[in-house]
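# Overview (structure and organization)
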Amino acid sequence: MSKPVNIKEDNFDKIVTKATTPVLVDFWAPWCGPCLMVAPVVDQLAAEYEGKIAFGKVNVDECPQIAGKYGVMSIPSLIIFKGGVPVANIVGFRPKEQLKKSLDAVLG
Amino acid sequence: MAENTRMIDKRYDVVIIGGGPAGLSAAIYCSRGRLSTLLLERALVGGQIVNAEQVDNYPGFPTGINGLELTQQMHCQADRYGLETVYAEATALELCGTQKLVSTTEGIYTARAVIIACGSQRQKLGIPGEDEFTGKGVSYCATCDAAFFRDKTVALVGGGNAALSEALHLSRFADRVIVIHRRERLRATPVVQEKAFATGNIEFRLNAVVTAIEGEEFVSRVKLRHVGSGEESYLPVSGIFIAIGFKPNTDFLRGLLPLDEKGAVITGDGMQTAISGIFAAGDIRRNSIRQVIAAAGDGAIAAVSAEKYLTE
(Lines give C-alpha, C1' and ligand atoms only; values in the text may rest on other atoms or scores of the structure.)
Protein backbone atom coordinates (compact mmCIF):
# COMPACT_ATOMS: atom_id res chain seq x y z
CA MET A 1 0.00 0.00 0.00
CA SER A 2 1.32 3.42 -1.00
CA LYS A 3 2.56 5.90 1.60
CA PRO A 4 3.76 9.47 0.98
CA VAL A 5 7.48 9.54 0.15
CA ASN A 6 9.83 11.71 2.17
CA ILE A 7 11.13 14.26 -0.35
CA LYS A 8 14.46 16.06 -0.01
CA GLU A 9 16.80 17.99 -2.28
CA ASP A 10 18.39 14.84 -3.69
CA ASN A 11 15.20 13.07 -4.78
CA PHE A 12 12.89 15.99 -5.62
CA ASP A 13 13.73 15.82 -9.29
CA LYS A 14 13.05 12.12 -9.59
CA ILE A 15 9.83 12.12 -7.55
CA VAL A 16 8.26 15.42 -8.60
CA THR A 17 9.81 16.99 -11.68
CA LYS A 18 10.08 13.76 -13.68
CA ALA A 19 6.87 12.12 -12.44
CA THR A 20 4.49 10.66 -15.03
CA THR A 21 1.45 11.22 -12.82
CA PRO A 22 0.40 14.30 -10.84
CA VAL A 23 2.14 14.56 -7.46
CA LEU A 24 0.76 16.05 -4.24
CA VAL A 25 3.53 17.45 -2.04
CA ASP A 26 2.68 18.06 1.62
CA PHE A 27 4.87 20.85 3.07
CA TRP A 28 4.94 20.44 6.85
CA ALA A 29 6.95 20.87 10.05
CA PRO A 30 6.88 18.94 13.32
CA TRP A 31 5.88 22.03 15.33
CA CYS A 32 2.82 22.78 13.20
CA GLY A 33 -0.40 21.44 14.75
CA PRO A 34 -2.62 21.63 11.65
CA CYS A 35 0.16 19.86 9.66
CA LEU A 36 0.01 16.92 12.06
CA MET A 37 -3.77 16.84 11.67
CA VAL A 38 -3.69 16.77 7.88
CA ALA A 39 -0.96 14.08 7.77
CA PRO A 40 -3.26 11.07 8.37
CA VAL A 41 -5.67 12.45 5.77
CA VAL A 42 -2.81 12.64 3.24
CA ASP A 43 -1.84 9.06 4.16
CA GLN A 44 -5.38 7.88 3.44
CA LEU A 45 -5.49 9.75 0.13
CA ALA A 46 -2.13 8.24 -0.87
CA ALA A 47 -3.67 4.80 -0.51
CA GLU A 48 -6.91 5.71 -2.24
CA TYR A 49 -5.27 7.40 -5.23
CA GLU A 50 -2.51 4.82 -5.63
CA GLY A 51 -1.47 4.56 -9.24
CA LYS A 52 -3.24 7.77 -10.22
CA ILE A 53 -1.50 10.39 -8.06
CA ALA A 54 1.83 10.15 -6.25
CA PHE A 55 2.27 11.65 -2.77
CA GLY A 56 5.29 13.13 -1.03
CA LYS A 57 6.16 15.19 2.03
CA VAL A 58 8.69 17.99 2.49
CA ASN A 59 9.77 18.94 6.01
CA VAL A 60 10.30 22.71 5.64
CA ASP A 61 12.79 22.82 8.54
CA GLU A 62 15.01 20.27 6.79
CA CYS A 63 14.49 21.61 3.27
CA PRO A 64 13.90 25.36 3.46
CA GLN A 65 15.24 25.81 -0.09
CA ILE A 66 12.50 23.67 -1.63
CA ALA A 67 9.91 25.51 0.45
CA GLY A 68 11.36 28.85 -0.61
CA LYS A 69 11.49 27.85 -4.27
CA TYR A 70 7.76 27.18 -4.34
CA GLY A 71 6.84 30.20 -2.24
CA VAL A 72 5.64 28.27 0.78
CA MET A 73 5.07 30.88 3.52
CA SER A 74 2.43 29.15 5.56
CA ILE A 75 1.97 25.53 6.45
CA PRO A 76 0.41 23.11 5.87
CA SER A 77 0.69 23.81 2.16
CA LEU A 78 -0.36 21.03 -0.20
CA ILE A 79 0.97 21.74 -3.68
CA ILE A 80 -0.17 19.54 -6.56
CA PHE A 81 2.37 19.23 -9.37
CA LYS A 82 1.56 18.15 -12.92
CA GLY A 83 4.37 17.78 -15.44
CA GLY A 84 6.77 19.03 -12.78
CA VAL A 85 4.93 22.35 -12.40
CA PRO A 86 2.59 23.46 -9.56
CA VAL A 87 -1.05 23.47 -10.72
CA ALA A 88 -2.79 23.81 -7.36
CA ASN A 89 -1.82 25.17 -3.95
CA ILE A 90 -3.95 24.44 -0.88
CA VAL A 91 -2.89 26.43 2.16
CA GLY A 92 -4.16 25.50 5.61
CA PHE A 93 -5.97 22.45 6.94
CA ARG A 94 -8.79 21.12 4.77
CA PRO A 95 -11.11 18.18 5.47
CA LYS A 96 -10.67 15.06 3.34
CA GLU A 97 -13.69 15.68 1.09
CA GLN A 98 -12.35 19.07 0.03
CA LEU A 99 -8.92 17.63 -0.74
CA LYS A 100 -10.50 14.87 -2.82
CA LYS A 101 -12.27 17.53 -4.89
CA SER A 102 -8.93 19.23 -5.60
CA LEU A 103 -7.31 15.93 -6.53
CA ASP A 104 -10.21 14.90 -8.79
CA ALA A 105 -10.06 18.30 -10.51
CA VAL A 106 -6.40 17.72 -11.39
CA LEU A 107 -7.17 14.23 -12.72
CA GLY A 108 -10.27 15.39 -14.55
CA MET B 1 -21.13 26.75 0.26
CA ALA B 2 -23.44 23.86 -0.49
CA GLU B 3 -26.14 23.41 2.05
CA ASN B 4 -27.51 19.94 2.48
CA THR B 5 -31.26 20.12 3.19
CA ARG B 6 -31.60 16.50 4.21
CA MET B 7 -33.24 16.19 7.65
CA ILE B 8 -31.25 13.86 9.90
CA ASP B 9 -33.67 11.46 11.63
CA LYS B 10 -31.93 11.16 14.96
CA ARG B 11 -33.09 13.61 17.65
CA TYR B 12 -30.27 14.76 19.94
CA ASP B 13 -30.47 16.13 23.46
CA VAL B 14 -27.67 18.59 22.70
CA VAL B 15 -25.92 19.79 19.56
CA ILE B 16 -22.67 21.66 20.17
CA ILE B 17 -21.58 23.92 17.33
CA GLY B 18 -17.78 24.28 17.30
CA GLY B 19 -15.02 21.85 18.33
CA GLY B 20 -12.53 24.13 20.08
CA PRO B 21 -11.86 23.89 23.84
CA ALA B 22 -15.28 25.40 24.74
CA GLY B 23 -17.16 22.90 22.61
CA LEU B 24 -14.96 19.98 23.68
CA SER B 25 -15.40 20.74 27.37
CA ALA B 26 -19.16 21.03 26.90
CA ALA B 27 -19.02 17.74 24.98
CA ILE B 28 -17.31 15.96 27.88
CA TYR B 29 -19.84 17.22 30.41
CA CYS B 30 -22.90 16.55 28.22
CA SER B 31 -21.82 13.06 27.14
CA ARG B 32 -20.76 12.05 30.63
CA GLY B 33 -24.12 13.35 31.85
CA ARG B 34 -25.73 10.71 29.55
CA LEU B 35 -27.19 13.27 27.17
CA SER B 36 -27.16 12.24 23.50
CA THR B 37 -24.64 14.74 22.23
CA LEU B 38 -23.45 15.76 18.77
CA LEU B 39 -20.41 17.93 18.12
CA LEU B 40 -20.26 19.82 14.81
CA GLU B 41 -16.86 20.99 13.58
CA ARG B 42 -16.20 22.59 10.17
CA ALA B 43 -12.39 22.31 10.05
CA LEU B 44 -10.22 20.73 12.71
CA VAL B 45 -11.10 19.77 16.26
CA GLY B 46 -9.14 21.87 18.73
CA GLY B 47 -9.71 25.34 17.37
CA GLN B 48 -7.05 28.03 17.24
CA ILE B 49 -4.93 26.62 20.06
CA VAL B 50 -3.73 23.79 17.81
CA ASN B 51 -1.27 26.34 16.41
CA ALA B 52 0.41 26.72 19.80
CA GLU B 53 3.42 24.47 20.19
CA GLN B 54 3.44 25.03 23.93
CA VAL B 55 0.62 26.27 26.14
CA ASP B 56 2.13 27.33 29.46
CA ASN B 57 -0.90 28.76 31.22
CA TYR B 58 -3.44 25.93 31.07
CA PRO B 59 -3.70 24.80 34.73
CA GLY B 60 -2.28 21.38 35.49
CA PHE B 61 0.74 21.41 33.19
CA PRO B 62 3.77 22.92 34.96
CA THR B 63 6.04 22.21 31.99
CA GLY B 64 3.45 23.26 29.42
CA ILE B 65 1.43 21.22 26.94
CA ASN B 66 1.26 21.19 23.16
CA GLY B 67 -1.99 22.84 21.96
CA LEU B 68 -2.84 20.07 19.54
CA GLU B 69 -2.15 17.36 22.10
CA LEU B 70 -4.27 19.08 24.76
CA THR B 71 -7.32 19.34 22.52
CA GLN B 72 -6.90 15.86 21.05
CA GLN B 73 -7.00 14.53 24.61
CA MET B 74 -10.18 16.53 25.28
CA HIS B 75 -11.77 14.97 22.21
CA CYS B 76 -10.73 11.45 23.30
CA GLN B 77 -12.20 12.13 26.70
CA ALA B 78 -15.55 13.07 25.21
CA ASP B 79 -15.43 10.07 22.83
CA ARG B 80 -15.08 7.85 25.86
CA TYR B 81 -18.54 8.92 27.01
CA GLY B 82 -20.20 8.40 23.65
CA LEU B 83 -19.86 11.76 21.88
CA GLU B 84 -20.71 11.79 18.16
CA THR B 85 -18.70 14.14 15.95
CA VAL B 86 -19.71 15.29 12.48
CA TYR B 87 -17.43 17.42 10.32
CA ALA B 88 -19.80 20.02 8.93
CA GLU B 89 -20.29 23.77 8.94
CA ALA B 90 -23.40 25.27 10.56
CA THR B 91 -25.19 27.65 8.21
CA ALA B 92 -28.31 28.54 10.19
CA LEU B 93 -30.03 27.99 13.52
CA GLU B 94 -33.81 27.99 13.74
CA LEU B 95 -36.50 27.20 16.25
CA CYS B 96 -39.38 24.82 15.77
CA GLY B 97 -41.39 24.88 18.99
CA THR B 98 -38.95 23.71 21.67
CA GLN B 99 -36.82 21.91 19.09
CA LYS B 100 -33.75 23.59 17.63
CA LEU B 101 -32.84 22.99 14.00
CA VAL B 102 -29.20 23.38 13.01
CA SER B 103 -28.72 23.58 9.25
CA THR B 104 -25.30 22.43 8.11
CA THR B 105 -23.34 21.42 5.01
CA GLU B 106 -24.09 17.80 5.86
CA GLY B 107 -27.78 18.09 6.65
CA ILE B 108 -30.23 19.50 9.20
CA TYR B 109 -29.78 18.30 12.80
CA THR B 110 -32.46 18.48 15.48
CA ALA B 111 -31.82 18.94 19.17
CA ARG B 112 -33.65 20.11 22.28
CA ALA B 113 -30.68 22.25 23.35
CA VAL B 114 -27.82 23.91 21.48
CA ILE B 115 -24.47 25.16 22.73
CA ILE B 116 -22.86 27.68 20.39
CA ALA B 117 -19.07 27.52 20.68
CA CYS B 118 -17.88 28.75 17.30
CA GLY B 119 -15.12 31.01 18.53
CA SER B 120 -13.79 33.95 16.61
CA GLN B 121 -11.43 34.68 13.78
CA ARG B 122 -8.81 37.33 13.11
CA GLN B 123 -10.23 40.61 11.97
CA LYS B 124 -9.11 41.64 8.49
CA LEU B 125 -7.94 45.13 7.52
CA GLY B 126 -10.21 45.10 4.47
CA ILE B 127 -7.67 46.71 2.15
CA PRO B 128 -6.54 46.03 -1.42
CA GLY B 129 -4.04 43.20 -1.71
CA GLU B 130 -5.01 41.57 1.57
CA ASP B 131 -6.88 38.62 0.10
CA GLU B 132 -4.67 38.24 -2.97
CA PHE B 133 -1.52 37.97 -0.87
CA THR B 134 -2.86 35.81 1.98
CA GLY B 135 -0.37 32.97 2.24
CA LYS B 136 2.01 34.96 0.02
CA GLY B 137 3.23 37.41 2.62
CA VAL B 138 0.00 38.28 4.42
CA SER B 139 -0.44 36.31 7.63
CA TYR B 140 -2.74 36.37 10.65
CA CYS B 141 -0.65 34.07 12.82
CA ALA B 142 2.90 34.91 13.86
CA THR B 143 3.45 31.66 15.73
CA CYS B 144 2.42 29.75 12.60
CA ASP B 145 4.40 31.65 9.99
CA ALA B 146 7.34 33.48 11.62
CA ALA B 147 9.75 30.73 10.54
CA PHE B 148 9.23 31.68 6.90
CA PHE B 149 10.45 35.24 7.43
CA ARG B 150 13.88 34.54 8.87
CA ASP B 151 16.24 37.48 8.41
CA LYS B 152 13.59 39.45 6.51
CA THR B 153 11.80 42.73 7.24
CA VAL B 154 8.16 42.37 8.23
CA ALA B 155 5.35 44.70 9.25
CA LEU B 156 2.91 43.96 12.07
CA VAL B 157 -0.34 45.88 12.31
CA GLY B 158 -1.86 46.24 15.76
CA GLY B 159 -1.29 47.79 19.16
CA GLY B 160 -2.78 45.47 21.75
CA ASN B 161 -1.25 42.71 23.87
CA ALA B 162 -1.79 40.04 21.23
CA ALA B 163 -0.15 42.24 18.60
CA LEU B 164 2.92 43.03 20.70
CA SER B 165 3.42 39.45 21.81
CA GLU B 166 3.32 38.48 18.13
CA ALA B 167 5.89 41.21 17.42
CA LEU B 168 8.14 39.79 20.14
CA HIS B 169 7.81 36.31 18.65
CA LEU B 170 8.58 37.62 15.16
CA SER B 171 11.64 39.51 16.44
CA ARG B 172 13.33 36.16 17.09
CA PHE B 173 13.15 35.24 13.40
CA ALA B 174 12.93 38.44 11.35
CA ASP B 175 15.72 40.91 10.87
CA ARG B 176 13.38 43.86 11.49
CA VAL B 177 9.81 44.01 12.80
CA ILE B 178 7.95 47.25 12.16
CA VAL B 179 4.87 47.67 14.35
CA ILE B 180 2.24 49.88 12.73
CA HIS B 181 -0.53 51.32 14.90
CA ARG B 182 -3.17 53.88 14.03
CA ARG B 183 -2.97 55.77 17.31
CA GLU B 184 -0.31 57.76 19.11
CA ARG B 185 -0.19 55.24 21.95
CA LEU B 186 -0.27 51.45 21.95
CA ARG B 187 -3.13 49.69 23.75
CA ALA B 188 -1.02 46.95 25.29
CA THR B 189 -0.27 46.83 29.01
CA PRO B 190 2.85 48.79 30.09
CA VAL B 191 4.89 45.67 30.91
CA VAL B 192 4.36 44.25 27.42
CA GLN B 193 5.07 47.61 25.81
CA GLU B 194 8.34 47.98 27.70
CA LYS B 195 9.47 44.58 26.57
CA ALA B 196 8.74 45.50 22.96
CA PHE B 197 10.47 48.88 23.24
CA ALA B 198 13.52 47.17 24.70
CA THR B 199 13.80 44.73 21.81
CA GLY B 200 16.42 46.01 19.41
CA ASN B 201 14.89 44.89 16.14
CA ILE B 202 11.34 46.09 16.80
CA GLU B 203 10.54 49.55 15.42
CA PHE B 204 7.33 51.54 15.63
CA ARG B 205 5.29 53.60 13.18
CA LEU B 206 2.56 55.22 15.25
CA ASN B 207 -0.34 57.29 13.94
CA ALA B 208 -0.17 55.25 10.76
CA VAL B 209 -2.54 52.99 8.87
CA VAL B 210 -1.86 50.53 6.07
CA THR B 211 -3.94 51.40 3.03
CA ALA B 212 -2.72 48.78 0.54
CA ILE B 213 -0.56 45.67 0.27
CA GLU B 214 1.45 45.34 -2.93
CA GLY B 215 3.88 43.06 -4.67
CA GLU B 216 4.47 40.78 -7.65
CA GLU B 217 4.12 37.10 -6.79
CA PHE B 218 4.65 37.84 -3.10
CA VAL B 219 4.31 40.88 -0.86
CA SER B 220 7.08 43.40 -1.46
CA ARG B 221 5.72 46.57 0.11
CA VAL B 222 2.83 48.19 1.98
CA LYS B 223 1.36 51.65 1.51
CA LEU B 224 1.05 53.73 4.65
CA ARG B 225 -0.92 56.87 5.45
CA HIS B 226 -0.09 59.12 8.38
CA VAL B 227 -3.33 59.60 10.32
CA GLY B 228 -2.67 63.24 11.16
CA SER B 229 -1.06 64.70 8.05
CA GLY B 230 -2.54 62.32 5.47
CA GLU B 231 0.96 61.89 4.04
CA GLU B 232 1.41 58.64 2.15
CA SER B 233 4.55 56.53 1.93
CA TYR B 234 5.72 53.05 0.99
CA LEU B 235 7.38 50.60 3.33
CA PRO B 236 9.30 47.74 1.70
CA VAL B 237 8.53 44.51 3.57
CA SER B 238 8.55 40.79 2.82
CA GLY B 239 5.53 40.11 4.95
CA ILE B 240 2.73 41.74 6.90
CA PHE B 241 1.15 40.24 10.01
CA ILE B 242 -2.32 41.50 10.87
CA ALA B 243 -3.17 41.51 14.59
CA ILE B 244 -5.94 44.08 14.98
CA GLY B 245 -8.45 42.01 16.90
CA PHE B 246 -10.94 39.20 16.59
CA LYS B 247 -14.40 38.93 15.10
CA PRO B 248 -16.82 36.42 16.71
CA ASN B 249 -18.15 33.84 14.23
CA THR B 250 -21.78 34.84 14.65
CA ASP B 251 -22.74 35.65 11.05
CA PHE B 252 -24.57 32.34 10.63
CA LEU B 253 -26.96 33.27 13.45
CA ARG B 254 -28.44 35.98 11.21
CA GLY B 255 -29.91 38.10 13.96
CA LEU B 256 -31.42 35.23 15.92
CA LEU B 257 -29.71 36.32 19.14
CA PRO B 258 -28.83 39.71 20.61
CA LEU B 259 -25.18 40.51 19.91
CA ASP B 260 -23.01 43.26 21.35
CA GLU B 261 -21.34 45.97 19.25
CA LYS B 262 -18.51 43.60 18.32
CA GLY B 263 -20.88 40.84 17.20
CA ALA B 264 -20.33 38.71 20.32
CA VAL B 265 -23.13 36.74 21.96
CA ILE B 266 -24.53 38.15 25.22
CA THR B 267 -25.08 35.55 27.93
CA GLY B 268 -26.02 35.28 31.57
CA ASP B 269 -23.87 33.71 34.29
CA GLY B 270 -25.01 30.23 33.27
CA MET B 271 -24.06 30.79 29.59
CA GLN B 272 -27.73 31.11 28.71
CA THR B 273 -28.72 33.32 25.79
CA ALA B 274 -31.96 35.24 25.22
CA ILE B 275 -33.51 32.07 23.79
CA SER B 276 -34.44 29.27 26.14
CA GLY B 277 -32.40 26.16 25.43
CA ILE B 278 -29.66 27.97 23.52
CA PHE B 279 -26.35 28.54 25.27
CA ALA B 280 -23.00 30.03 24.25
CA ALA B 281 -19.46 29.31 25.41
CA GLY B 282 -15.91 30.48 24.68
CA ASP B 283 -14.53 33.23 22.44
CA ILE B 284 -17.93 33.79 20.82
CA ARG B 285 -19.15 35.39 24.04
CA ARG B 286 -18.97 39.03 25.00
CA ASN B 287 -15.82 39.99 26.96
CA SER B 288 -14.19 36.65 26.39
CA ILE B 289 -10.61 36.72 27.69
CA ARG B 290 -9.57 34.42 24.84
CA GLN B 291 -7.92 31.77 26.98
CA VAL B 292 -8.31 28.00 26.71
CA ILE B 293 -9.11 27.58 30.38
CA ALA B 294 -11.87 30.20 30.20
CA ALA B 295 -13.36 28.52 27.13
CA ALA B 296 -13.24 25.15 28.87
CA GLY B 297 -14.86 26.68 31.95
CA ASP B 298 -17.63 28.24 29.84
CA GLY B 299 -18.21 24.91 28.11
CA ALA B 300 -18.69 23.07 31.39
CA ILE B 301 -21.09 25.73 32.72
CA ALA B 302 -23.06 25.72 29.47
CA ALA B 303 -23.35 21.92 29.63
CA VAL B 304 -24.61 21.98 33.22
CA SER B 305 -27.13 24.69 32.29
CA ALA B 306 -28.25 22.67 29.28
CA GLU B 307 -28.69 19.57 31.42
CA LYS B 308 -30.77 21.55 33.90
CA TYR B 309 -32.89 22.98 31.08
CA LEU B 310 -33.50 19.50 29.62
CA THR B 311 -34.58 17.93 32.89
CA GLU B 312 -36.96 20.67 33.97
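Everything here concerns the structure above.
What you see is a predicted model; the values in this text were computed from it and never measured.

Rules and cut-offs
- Residues numbered from 1 in each chain as written.
- Chains lettered and ligands numbered in written order.
- Predicted model: local features only at pLDDT ≥ 70, side-chain atom pairs only at ≥ 80, totals over all residues.
- Helix = DSSP H or I, 4+ residues; strand = E, 2+ residues; numbered from the N terminus.
- Rg over C-alpha atoms; globule rule 2.2 N^0.38 Å.
- Buried ≥ 20, exposed ≤ 12 C-beta atoms within 10 Å, placed from the backbone.
- Contact = placed C-beta atoms within 7 Å.
- Nonpolar A, V, L, I, M, F, W, Y, C, P; charged D, E, K, R; others polar.
- Pairing = 2+ DSSP bridges.
- Axes fitted to C-alpha atoms, helices over the stretch in contact; angles between N-to-C directions.
- Expected span 1.5 Å × (residues − 1).
- Core = buried A, V, L, I, M, F, W, Y, C linked by C-beta atoms within 7 Å.
- Domains from an automatic or database assignment.
- Parallel < 35°, antiparallel > 145°, perpendicular 65-115°, else oblique.
- Left-handed = near helix turned anticlockwise from the far one by under 90°.

### Notes on the overall build of chain B
- Of the regular secondary structure elements, chain B holds six helices and 17 strands.
- In terms of C-alpha radius of gyration, chain B reaches 21 Å, essentially the compact-globule figure of 20 Å for 312 residues.
- Principal-axis analysis of the C-alpha atoms places the extent of chain B at approximately 60 × 40 × 35 Å.
- Per-residue burial over chain B gives 43% buried out of 312 residues.
- Pairs at least 24 apart in sequence give 63% of the contacts found in chain B among residues at least 6 apart.

### Details of the interface of chain B and chain A
- Every contact between the two is made by 17 residues of chain B and, on the other side, 11 residues of chain A.
- Taken together, the elements giving at least two residues each to the side of chain B that touches chain A come down to helix H2 (67-80) and helix H3 (142-145) of chain B.
- Counted by class, the side of chain B that touches chain A contains eight nonpolar, five polar and four charged residues.

### Topic: the sheet that holds strand E12 (residues 208-215) of chain B
Residue and element names in this part refer to chain B.
- Strands sit in the order E12-E13-E14 across an open sheet of three strands; the sheet is antiparallel. Sheet topology places E12 and strand E14 (232-236) at the edges, where each strand pairs with a single neighbour. Averaged over all adjacent pairs, the angle separating strand axes in this sheet is 30°, with direction ignored.

### Description of helix H6 (residues 292-311) of chain B
- End to end, H6 of chain B covers 29 Å across 20 residues, agreeing with the expected 28 Å (1.5 Å per residue, within 8%).
- Among all positions in H6 of chain B, only Val-292, Ala-295, Ala-296, Asp-298, Gly-299, Ile-301, Ala-302, Ala-303, Ser-305 and Ala-306 of chain B are buried.

### Observations concerning the environment of Thr-104 of chain B
Residue and element names in this part refer to chain B.
- For Thr-104, the location among the structural elements is in strand E5 (residues 99-104).
- Separated by 99 residues in sequence, Thr-104 and Thr-5 place their C-alpha atoms 8.1 Å apart.
- Every residue in contact with Thr-104, bar those within four places of it in the chain, is listed here: Asn-4, Leu-40, Ala-88, Glu-89, Ala-90, Thr-91 and Tyr-109.

### A short note on the environment of Pro-86 of chain A
All names here are of chain A.
- Here Pro-86 lies in strand E5 (residues 85-91).
- On a C-alpha basis, the gap between Pro-86 and Lys-18 in space is 13 Å, while along the polypeptide they are 68 residues apart.
- Those residues within four positions of Pro-86 in sequence are excluded, and the remaining contacts are Tyr-70, Ile-79 and Phe-81.

### Some thoughts on unusual backbone geometry
- For the bond from Ile-75 of chain A to Pro-76 of chain A, the omega torsion is 5°, close enough to zero to count as cis.
- Despite not being glycine, Asp-151 of chain B shows a phi value in the positive range, around 60°.
- Within the element layout of this structure, Asp-151 of chain B appears in the loop between H3 and strand E9 (153-157).
- Judged by the 9 C-beta atoms lying within 10 Å of it, Asp-151 of chain B falls in the exposed class.
- One non-glycine residue, Asn-207 of chain B, lies in the positive phi region at around 55°.
- Its location among the elements puts Asn-207 of chain B in the loop between strand E11 (202-205) and E12.

### Brief notes about the pairing of E12 of chain B
Residues and elements named next belong to chain B.
- As judged from the seven bridges shared by E12 and strand E13 (residues 219-226), these two strands associate in the antiparallel manner. By the bridge assignment, Gly-215 is partnered in E13 with Val-219.
- If you look at the hairpin formed by E12 and E13, you'll find three residues sitting between the two strands.

### A look at the nonpolar core
All names here are of chain B.
- Grouped together as the largest cluster of nonpolar side chains are 118 residues, with contacts concentrated most on Val-15, Ala-26, Ile-115, Leu-156 and Ile-240.
- Here this core gathers at least three residues from each of two domains, domain 1 (7-122 + 246-311) and domain 2 (138-242).
- Dropping the residues within four chain positions of it, Ile-115 is found in contact with Val-14, Ile-16, Ala-26, Phe-279, Ala-281, Ala-302, Ala-303 and Ala-306.

### Some points on the environment of Leu-70 of chain B
- Counting through the fold element by element, Leu-70 of chain B comes out in helix H2.
- Dropping the residues within four chain positions of it, Leu-70 of chain B is found in contact with Ile-49, Val-55, Tyr-58 and Ile-65 of chain B.

### A word on the sheet that holds strand E15 (residues 239-242) of chain B
Residue and element names in this part refer to chain B.
- In space, the five strands of this open sheet follow the order E8-E15-E9-E10-E11, with parallel pairing throughout. In this open sheet, the two edge strands, each paired with only one partner strand, are strand E8 (138-139) and E11.
- The sheet contact formed by E9 and E15 spans four bridges and is parallel. Note on E15: the bridge partner recorded for Ala-155 is Ile-240.
- Sheet strands in contact with helix H4 (residues 161-171) are E9, strand E10 (176-180), E11 and E15, and its direction is about 170° off that of E9.

### Here's the deal with the packing of H4 of chain B against helix H5 (residues 190-197) of chain B
Residues and elements named next belong to chain B.
- One way to put it is that H4 packs onto H5 with a least axis distance of 10 Å and a crossing angle of 30°. In terms of their interaxial angle, H4 and H5 are classed as roughly parallel. Classified by chirality, the crossing of H5 by H4 is left-handed. Two secondary-structure elements touch here, H4 through Asn-161, Leu-164, Ser-165, Ala-167 and Leu-168 and H5 through Val-192, Gln-193, Lys-195 and Ala-196.
- For the contact of H4 with H5, the per-class residue count stands at five nonpolar, three polar and one charged.

### Re the packing of helix H1 (residues 21-32) of chain B against H2 of chain B
Residues and elements named next belong to chain B.
- One can describe the packing of H1 onto H2 by two numbers: an axis separation of 8 Å at closest approach and a directional angle of 25°. Compared by their axis directions, H1 and H2 come out roughly parallel. Seen along the crossing, H1 lies across H2 with a hand that is left-handed. On H2, the residues that touch Pro-21, Leu-24, Ser-25, Ala-27, Ile-28 and Ser-31 of H1 are Thr-71, Met-74, His-75, Gln-77 and Ala-78.
- Per-class residue counts for the contact of H1 with H2 are six nonpolar, five polar and no charged.

Any functional reading would require information beyond the geometric quantities listed.
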